[in-house]
Amino acid sequence: MNNTQSTGLIFELSKSGRRCHRLPKCDVPNSARIDQMIPKEYLAKQVLPLPEIGEIDLIRHFTNLSARNMSIDTNFYPLGSCTMKYNPKRHERIAAFPGFANLHPLQDDDTIQGMLELLHSMQEYLAEISGLPAVSLQPAAGAQGELTALFVAAAYFRDKGETHRRKVLVPDSAHGTNPASAALAGFDTITIKSGANGLVDLDDLKSKLGADTAVFMITNPNTLGLFETQIQEITELLHAQGALVYLDGANMNAILGITRPGDFGADMQHYNVHKTFTGPHGGGGPGSGPIAVRDYLAKYLPAPIVVKEGDRFRLNYNMPQSIGRVRSFFGTIGILFRGYCYIRTLGPDGLKQVSEHAVLNANYLRARVSEGYEVPHAGPCMHEFVASARKLLREKKVRAMDVCKRLLDYGFHAPTVYFPMVVSEALMFEPTETESKETLDAFAEVMLKIANEDPEVLRTAPHTHIISRPDEVKAAKEPVLRWTKA
Amino acid sequence: MSEYVLNTPEDVAAMLDRIGAGSIDQLFANIPAHLRFQRMLNIPPALTEIELTQHMQVLANKNQSSTDAVCFLGGGAYDHFIPTVVDVIASRSENYTAYTPYQAEASQGTLQVIYEYQTLMAQLTGMDVANASLYEGGSAVSEAVLMALGITGRTGEVLIAESVHPEYRQILVTYVRNLKCTVRTLPTPEGYLNPDDVAEAVNDSTVAVIAQSPNFFGHLEEMKTIGEAARKVGAIFIDVFDPVSLGLLATPADHGADIAVGEGQGLGIPFGFGGPYLGILTCRNEYVRKIPGRLVGETTDRNGQRCWVLTLQTREQHIRREKATSNICTNQGLFALRAAVHLTALGPVGLKETAELCVRKAHYAAEQLCKVPGVAMKFDRPFFKEFTLSLPRNVNNLLVQLREQGYHAGLPTGRWYPDHADGLTVAVTEKRTKQEIDGLAGAVKYRLSGVRDTVLS
């Protein structure tokens, strides 16, 4: 049902004089004019052109718009690399406890002992899961975690007098944030090729690795959903050159309690708490991107860190060699908080089970999807896999994107498409552990059905949504980024 | 098995059979055996929902929140009222369990809301365009500076007023440390940035000038004059604003800002010990292709129907990689939604009335507090909802005592500004009542009276 009531732009629903929120009368003496308190030159000359809306219209507008989204709570959402697992409802209720929701970020440590205890535990859990002992919870998202870790690396090499280390190596299958973060941290990015098996091409790595290498950023399992089997050799090569290994932790959902980045040679990593530890993705954010590093890098972490002294917890700002801050206040608490609830709910057995069933579900879906699509790399996969629609392109001129759009008609969100770039017509599936076999089967059946559908139906899909395909070229050519009064 | 994993033993057997594996363990065969973790993770055992709820209640009870004591804390996060409609809409799981709207046809809700948010932010600031949001106000300042570097192509100084939020300044220093520019802090010993100092400091290699109004002390800056000094030499003027203040105060556009950024927490976002918050970034039209992060644009579908998509993505990291305008991948979608609902709920009149109540109550509070012997305004400057007092004795001890009386009385200015160790920065929002303000003034008076002082400090 597409309910169109009150779904025009909120500005088009506006009518002068309507409102949804009234303020109390001023209860302090208020005979003075505002411009007697604040001189006129600081005051606005006109009333803001904001919309004026009554309460029921506001509620209908935003409620009916929400129904135009696919979401985890309404649809299977196998978006590869995004770990769209179920978001437990209990977290929402607990996060709203006034003792958490109403804590001002600059309150005195004595008044936030419960919060600090929670965050201190979170630091310890993330250290244990990664095998890297020092944790900063401050980075606001995975990309900022990467950037923070590269700042740490820059500070480390500066202290060692090795500022000639200008290069950050990044595999061609890496997330785009890796090279973008490296550039922001002042490094030059060098791309390392993937071999035909989807893994880092060791020869290419060796040929580009040198005394000027600062960091190798590796995603493991990588974005093809494959474990880098030569990971130990890779990290040893890097360490022999005096360089650091950074693990992009986007794919931690595959290895909780199975293997640890610190144990396979990573020196730094970030977590995506919103992925692995199920923070709701919120239509694009917030995220949370804490980092874990080796002990000799701990002194460079952003301040503050939560420390425990006897029974008391304290925010430690006294870190003279810290890189500084990357975010105001402490971090994306709301997501860290839900991650804490999740880890406590699952415990060590439950966390390991997450990865076991994430990998089982991915391999099962991989087997089912491969009945009708090419899956270019040998299995088993980890928590996700990449198939290709190139056979459809060759035989029917149907693109991977057409398959995605048609999936929407059947009530499934699309996989990640055209990424990683090392596979043509890539379709990247990550089912997560929270889906049932029935859901995976229903989805696989639809995938197989689509492969045999009339190409024209696919090229014009979706057919059942509120809109058909948008003209993206037009949107970019003459950008209209805001409503303006006609 | 946890409630979040659905595979029964029968399912597992059937799935393994289809895969052609003998056990789940075999699926991990590509991990070299010696790299497999040999013990269980050392984290506490699993809790049921009942146990978790009880455990979390115990932790919550160890905190003294802003509802347990009267809150006069500010410094970038303010105790503004959040209308119920904001929570109701944000707690719809069609909103909070969706992700980045890559598939526009199945994400028109999220996309339209972001487009409305972008428009609302432009209306609020008077600026031409806004992006889909950034992490929070602090890193938004740094993103604005990265934009300025890209726009000007300069490698000189970034000038920032000392009165800008100290944490925002720390973030900036961290962000540009490895880039080709330097940060110079312009001192503000009188609680505001003297525009003459800006005119003196700028030259034709200056990248950007950054000032915040109301500033960290709560006072208003001469933004227009500062902006003119910056623009005269072709530097980018970055205006850091408080969205709630714009119900009354001149906008960044009135100031002549090139880029305007702000912390959106005051727009319907609970304290939450500092996050998630909302980084607002707006700018002039001419800089739109240098904007970091997501942007939603209007277009039409194949039937000519109006709709919305993510656009200008060639700026972004997933396309441009190391040449992207920023490494940012997420926006704060759910919190942009909160801000959009909040601003819509308030409307122009509600925002203006909110701002007026802030001004009146803050000025009343300043007046009452300054009646206490030994207490005075630290700086003689106009202010909006926050102001800085000078106290006659140790601020930290006094704050502890006031807390025992039920007041989060303010922030010790000296924590960030050692030269202002006598300072107490007090924030007063529309939620504070006359009774609460009088109560605080009374408590300060009681604690500062000579007799109590010798006993307690």
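Residues numbered from 1 in each chain as written. Chains lettered and ligands numbered in written order. Predicted model: local features only at pLDDT ≥ 70, side-chain atom pairs only at ≥ 80, totals over all residues.

We now examine the overall build of chain A. Helix and strand counts for chain A stand at 16 helices and twelve strands. Rg of the C-alpha trace for chain A: 25 Å, near the compact-globule value of 23 Å for 486 residues, within the 12% margin. Counting only C-alpha atoms, chain A reaches 80 × 65 × 45 Å along its principal axes. A burial count over chain A gives 60% of its 486 residues as buried. Taking all contacts inside chain A whose residues are at least 6 apart in sequence as the whole, residues at least 24 apart take part in 71%. (Helix = DSSP H or I, 4+ residues; strand = E, 2+ residues; numbered from the N terminus. Rg over C-alpha atoms; globule rule 2.2 N^0.38 Å. Buried ≥ 20, exposed ≤ 12 C-beta atoms within 10 Å, placed from the backbone. Contact = placed C-beta atoms within 7 Å.)

Looking only at helices and strands, chain B features 15 helices and 15 strands. Out of the 457 residues in chain B, the part that is buried amounts to 63%. Restricting to contacts in chain B with at least 6 residues of sequence separation, those with at least 24 account for 74%.

Quick reminder: α-helices carry 3.6 residues per turn. Residues three or four places apart thus point the same way. Residues and elements named next belong to chain A. The terminal C-alpha atoms of helix H11 (residues 333-369), which comprises 37 residues, lie only 38 Å apart, well short of the 54 Å expected from a rise of 1.5 Å per residue. Considering bend angle alone, the principal kink of H11 is centred on glycine 347 and spans about 100°; proline proline 348 follows within four residues of it. Here H11 lies mainly inside the structure; 34 of its 37 residues are buried. (Expected span 1.5 Å × (residues − 1). Bend = angle between axes of the 7 residues up to and from the residue.)

Residues and elements named next belong to chain B. With domains assigned, chain B is organised as domain 1 (70-80 + 348-456) and domain 2 (84-341). Contacts between domain 1 and domain 2 engage 23 residues on the former and 22 residues on the latter. Broken down by secondary-structure element, the contributors of at least two residues to the side of domain 1 that touches domain 2 are helix H12 (333-370) and strand S12 (386-390). (Domains from an automatic or database assignment.)

This brings us to the packing of H11 of chain A against helix H2 (residues 49-61) of chain B. Between H11 of chain A and H2 of chain B, the shortest axis-to-axis distance is 10 Å and the interhelical angle comes to 135°. Taken as axis vectors, H11 of chain A and H2 of chain B run oblique relative to one another. For the element pair H11 of chain A and H2 of chain B, the recorded crossing hand is right-handed. Residues Cys341, Arg344 and Thr345 of chain A of H11 of chain A touch H2 of chain B, and the partners they reach there are Leu52, His55 and Met56 of chain B. Across the contact of H11 of chain A with H2 of chain B, the residue classes tally to three nonpolar, two polar and one charged. (Axes fitted to C-alpha atoms, helices over the stretch in contact; angles between N-to-C directions. Parallel < 35°, antiparallel > 145°, perpendicular 65-115°, else oblique. Left-handed = near helix turned anticlockwise from the far one by under 90°. Nonpolar A, V, L, I, M, F, W, Y, C, P; charged D, E, K, R; others polar.)

Before going further, it helps to examine the nonpolar core. By size, the foremost hydrophobic cluster in this structure holds 311 residues, and its most contacted members are Val152 of chain A together with Val141, Val209, Ile210 and Ile238 of chain B. Considering each element in turn, this core owes the most residues, 20 residues, to H12 of chain B. Setting aside residues up to four positions removed in sequence, valine 152 of chain A forms contacts with Met268, Val293, Leu297, Tyr300, Leu301 and Ile323 of chain A. (Core = buried A, V, L, I, M, F, W, Y, C linked by C-beta atoms within 7 Å.)

What follows deals with the pairing of strand S9 (residues 296-300) of chain B. Residues and elements named next belong to chain B. Of all five residues that make up S9, four are buried, and the element is covered over most of its length. Sheet topology places S9 next to strand S10 (residues 306-310); five bridges connect them, and they run antiparallel. If you follow glutamate 298 over to S10, its bridge partner there is tryptophan 308. Joining the antiparallel neighbours S9 and S10 is a turn of five residues, in which glycine 304 adopts a positive phi near 80°. (Pairing = 2+ DSSP bridges.)

All names here are of chain B. Spatial ordering of the open sheet is given by S2-S8-S7-S6-S5-S3-S4, a layout of seven strands whose pairing is mixed. Each edge of the open sheet is held by one strand with a lone partner, namely strand S2 (129-130) and strand S4 (182-186). Here five bridges tie strand S7 (residues 259-263) to strand S8 (residues 279-283), and the two strands are oriented antiparallel to one another. Residue pairing across strands places alanine 260 opposite threonine 282, the latter belonging to S8.

Turning to the sheet that holds S12 of chain B, a few remarks are in order. Residues and elements named next belong to chain B. Taken in spatial order, the four strands of this open sheet run S11-S12-S15-S14, and their pairing is antiparallel. The strands lining the two open edges of the sheet, one partner per strand, are strand S11 (376-377) and strand S14 (411-412). Two strands pair when backbone bridges link them, and S11 and S12 are joined in this way by two bridges, in the antiparallel orientation. Paired with methionine 377 across the two strands is leucine 389, which belongs to S12. Sitting on the sheet, H12 is in contact with S11, S12 and strand S15 (423-427), with an inclination near 10° to S12.

Moving on to unusual backbone geometry. All names here are of chain A. In this structure, proline 462 follows alanine 461 across a cis peptide bond, with omega equal to 0°. Take proline 462: it is sitting in the loop between helix H15 (455-459) and helix H16 (472-477). Here the phi dihedral of serine 81 falls at roughly 75°; this positive angle occurs in a residue that is not glycine. Of note, serine 81 is situated in the loop between helix H2 (55-66) and helix H3 (89-95). On the basis of neighbour counts, which here come to 22 C-beta atoms within 10 Å, the residue serine 81 falls in the buried class. With phi around 50°, glutamate 425 is a residue other than glycine that occupies positive phi space. With respect to the helices and strands, the residue glutamate 425 is situated in the loop between strand S11 (416-417) and strand S12 (426-429).

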